[in-house]
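Here's the letter readout for the chains.
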Amino acid sequence: MLRTWIGPLLLIVICSAMLAVGFNLFLVPLQLLSGGLSGISMIVSYFTRWQISTLYLLSNLPVIVWGLITIGRKFIILSVVSVILTTWFLRLLPAYPIVEDHILAAVTGGVLIGIASGLSLRAGGSTGGFDIIGSILMRNRDFPLGMLLFALNGLVIIALGYFKRDWDLALYSMLSIFITGKVLDTIHTRYLKVTVFIITHRKNELLERLMQLRRGVTIMRTEGAYTRKEQHMLMTVTTRYDLVSLQQLIRTTDPDAFVNIVETAAIMGSFRRS
């Protein structure tokens, strides 16, 4: 049980440190935004001089509670660890500009934050804020999470330009947030679908485990052209994000199963089993 948590927790620690580096060494010194609740925390900090770390922690508390009710325990535990560690790293690392050029700061900061957010989601958690909100919305609809977060961040960008009276900063921040979204979608490919065809002699055992994944499964009778023996083919649609766990499930249940995996361009109808 403990071993299953060690890897994700180590990854969350690394991502939290990476997030703090993106904030305090690239975005905050030049008063750029990262988007999401962290971006809102930055705006408030720029005007009030309150610590971003404290604002970041406080703004995430209600979203974490919502996620605990909606998503589940493991996701929220890892997200809470991420938020706490990020808060600590933000206090530990002084805000110091490594580069003076706004474009370089926006691009580098966006890449670091996108990698940290994407790897946190791959670990089973999140960096908090809009990541949790996006993950909640994705439970019913599947689309690129990064682009969803970019849309949610539009209001934050407009707020920065309006209150600071500096639309250059708003546009540089938009560049940073856009890059974060693209990097996030490259790493977190949960919305990309694949169709898996499984030919097996252990239909009942495999079907019982597949039904626990909250995916629909179709059963078809087949016959081997060479052996003339009757078999069963199970067909299911899953995401690239969940494909590794599905492959492990098949290997442990029926190591002799023949599996064909094809990329799915689009689907219609209900994707998840209720």
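Check the entry above for the structure.
A quick note: this is a predicted structure, and the numbers were derived from the prediction, not measured.

If a probe as big as a water molecule is rolled over the atoms, it shows which places are left empty. By volume, the second largest pocket is sized at about 220 Å³. Asn24, Val28, Gln51, Ile52 and Ala95 are the residues nearest the centre of the second largest pocket, which is lined by 14 residues in total. Residue assignment for the lining of the second largest pocket shows that the elements contributing at least two residues are helix H2 (36–48), helix H3 (52–70) and helix H4 (73–92). For the lining of the second largest pocket, the residue count by class is seven nonpolar, five polar and two charged.

A word on helix H10 (residues 203–210). Inspection of H10 places Leu206, Leu207 and Leu210 among the buried residues, and these make up the whole buried set. End-on view of H10: buried residues confined to an arc of 100°, all on one side of the axis. Seen from the buried face of H10, the exposed residues on the opposite side, beyond 90 degrees, are Asn204 and Glu208.

A few words now on the packing of aromatic side chains. Taken as a whole, this structure holds two aromatic pairs when the rule is applied. Relative to Tyr56, the ring of Phe23 lies with its centre 6.4 Å away and its plane at 70°, an arrangement referred to as edge-to-face. One end of the pair, Phe23, is in helix H1 (residues 3–27); the other, Tyr56, is in helix H3, and 33 residues separate them in sequence. The buried category is assigned to Tyr56, whose relative accessible area is 3%.

Reading the values: rules and limits
Just so you know, the residues in each chain are numbered from 1, in the order the chain's sequence is written. With pLDDT at 70 or above as the cut-off, local features in this predicted model cover only qualifying residues; side-chain atom pairs require 80 or more to be listed or tallied, and sums for whole chains, interfaces and linings still use all residues. Side-chain numbers here rest on the full set of heavy atoms in the structure, without hydrogens or water. Only protein atoms enter the 1 Å grid, on which a cavity is a set of points fitting a 1.4 Å probe that cannot get out and a pocket is an open set with protein on both sides within 12 Å along at least 5 of 7 lines, lining residues being those with an atom within 4 Å of a point. Grid points are joined across faces, edges and corners, and a volume is the space filled by probe spheres set on the points. Strands here are runs of E lasting at least two residues and helices are runs of H or I lasting at least four, both read from the DSSP assignment and numbered beginning at the N terminus. When residue character is reported, Ala, Val, Leu, Ile, Met, Phe, Trp, Tyr, Cys and Pro are called nonpolar, Asp, Glu, Lys and Arg charged, and the others, Gly included, polar. For every residue, the accessible area (1.4 Å probe, protein chains only) is compared with the maximum for its type, and the residue is labelled buried under 20%, exposed over 50%, or partly exposed between those bounds. To obtain the arc, one takes the directions from the helix axis to the C-beta atoms. Note on aromatic contacts: the rings of Phe and Tyr and the six-membered ring of Trp form a pair at centre separations within 6.5 Å, being stacked when their planes are under 30 degrees apart, edge-to-face when over 60 apart, and tilted otherwise.

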